[in-house]
Amino acid sequence: MSSFWTHTIWYILLGISTLIVLIYVMVKSKHRRLNLAFFFTILGLNFFFEAPILVFWGAYNYYPMLVPAHLDPFFDSIVGNLFSQFSVAATAVLVAVFDLKYYWWFIFAGIYAFIEETFLVLGIYSQNWYQTWMTIILFPMLFWLTKYLYARIIQDPKPLLYYIYTFFALLPIAYYPTIWGFQVAQILDYNETLLANPEISQSIIRYLIFLVVAATMMCVYFLKVNRYWKAFITALLYAAFYMAFKLDLIFVKAGWFIPASTIIIVWMYLSVIILDKLYGGLSMRSGARSG
């Protein structure tokens, strides 16, 4: 309980502030469903760039003390990073949706720099080679990119762009709750000896699984394949999971192979459908969208 008041509470407060920002964006904006989908896209984009910085290059560590001590301590750092990236993505979407002036970019960058320094003093976050001044430089760049991407999706997007937005949004919606979440729940585990660094080894396998399943389910949905092709492609995914299991790339808790692989495949497909409905489909037009 002591770690809750010294570590966890600060991440919970960060999470509450994120929720407040998201509620404000949803209530005050016109395109609520689209904005929610776009939030997941920006969140996924953040995760995509955070993975090499956090996992491969070890830029910093988080200590929310939310993951049980008997599990890999790096999981706790990932959970802390999730709180951080949810907050950053919510702020970036706020800037884009309401087209905030440039000075707000630097105000928000300063706020996050202050939060970083406060977390450092509290001992709930540590930096390795990363420095807080980088936040002040990188955040305005993120806000510019978010505004640009938002302008593109508000207009009728080209199919390729639409698929890219959907793909990135699948990271927070489908990857973390299942492929990574099952590892935290000790249902799945991933080979840690492919490379010298076990965290990098496991991360590469997790992301490869995500890439294969996400790309496959997106093709199945957007190409509108018939049910026979769906059944055949799904069977191939089960076969791929089984091959990975036999090659010791993944390890599965007894009795969980079919349930875990089914949840990953089905939830990925449902996530594609949900995102397409939130974005309004490829045929959407900006004037026809409403929350």
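Residues numbered from 1 in each chain as written. Predicted model: local features only at pLDDT ≥ 70, side-chain atom pairs only at ≥ 80, totals over all residues. Heavy atoms only, no water.

A. Fine view of the overall build of the chain. What the chain contains, in helices and strands, is 9 helices and 4 strands. The order of α-helices and β-strands along the chain, N terminus first, is α-α-β-α-α-β-α-α-β-α-α-β-α. Whereas a compact globule of 291 residues would reach a radius of gyration of roughly 19 Å, the chain reaches 20 Å, a difference of no more than 12%. A principal-axis box enclosing the C-alpha atoms of the chain has dimensions of 55 × 50 × 30 Å. Each of the 291 residues in the chain was classed as buried or not, and the buried ones make up 50%. In the form shown here, the chain has an accessible surface area of approximately 14,700 Å², with 72% of it arising from carbon and sulfur atoms. Of the charged side chains in the chain, 17 are positive and 12 negative, and the gap between their average positions amounts to 21 Å. (Helix = DSSP H or I, 4+ residues; strand = E, 2+ residues; numbered from the N terminus. Rg over C-alpha atoms; globule rule 2.2 N^0.38 Å. Buried < 20%, exposed > 50% of the residue type's maximum accessible area, 1.4 Å probe, protein only. Areas by Shrake-Rupley, 256 points an atom, 1.4 Å probe, with all protein chains shown as cover. Lys, Arg positive; Asp, Glu negative; His and termini not counted. Charge placed at Lys NZ, Arg CZ, Asp CG, Glu CD.)

B. Broad picture of helix H2 (residues 32–56). With 25 residues, H2 extends 35 Å between its outermost C-alpha atoms, agreeing within 8% with the 36 Å of an ideal straight helix rising 1.5 Å per residue. Of all 25 residues in H2, 18 are buried, a share of seventy percent or more. Gly58 sits one or two residues past H2 and shows a positive phi near 55°. (Expected span 1.5 Å × (residues − 1).)

C. Just the side chain of Ser261, in detail. Mapped onto the elements, Ser261 comes out in helix H9 (residues 257–279). On the accessibility criterion, Ser261 (2% relative accessible area) is buried. One polar contact links the side chain of Ser261 to the main-chain carbonyl oxygen of Phe257, over a distance of 2.6 Å. (Polar contact = N/O pair within 3.5 Å; in protein donor to acceptor, adjacent residues only side chain to side chain.)

D. Quick look at the environment of Tyr125. You can see Tyr125 is positioned in strand S2 (residues 125–127). Residues Tyr125 and Ile265, 140 residues apart in the sequence, show an inter-C-alpha distance of 35 Å. Leaving out residues up to four positions away in the same chain, Tyr125 has contacts with Tyr11, Tyr60, Asn61, Tyr62, Tyr63, Glu116, Phe119, Leu120 and Tyr130. Reaching out from Tyr125, the side chain makes a polar contact with the side chain of Glu116 at a distance of 3.4 Å. (Contact = heavy atoms within 4.5 Å.)

E. Just a nonpolar patch on the surface, in detail. Side chains of Phe56, Trp57, Trp129, Leu194, Leu195, Ile204, Leu208 and Leu211 sit close together on the surface and give an oily, nonpolar patch of about 780 Å² of accessible area. Top element by residues in the nonpolar patch is helix H7 (residues 198–222). It accounts for 3 residues. (Patch = residues over 30% accessible without salt bridge, like charges linked within 9 Å, V, L, I, M, F, W, Y side chains within 5 Å. Salt bridge = Lys/Arg side-chain N within 4 Å of Asp/Glu carboxyl O.)

F. Expanded view of the nonpolar core. Membership of the largest hydrophobic core comes to 95 residues, with the highest contact counts inside it found for Phe38, Met217 and Met268. Excluding its chain neighbours within four sequence positions, the residues that come into contact with Met268 are Leu170, Ala174, Ile179, Phe210, Val213, Ala214, Met217 and Ile263. (Core = buried A, V, L, I, M, F, W, Y, C linked by side-chain atoms within 4.5 Å.)

G. Quick peek at the confidence of the model for the chain. For the chain, mean pLDDT is 92; residues scoring 70 or higher make up 96% of the total. In the model, residues 283–291 has pLDDT below 50 throughout and makes 25 contacts with residues more than four positions away in sequence or in other chains. (pLDDT = per-residue confidence, 0-100.)

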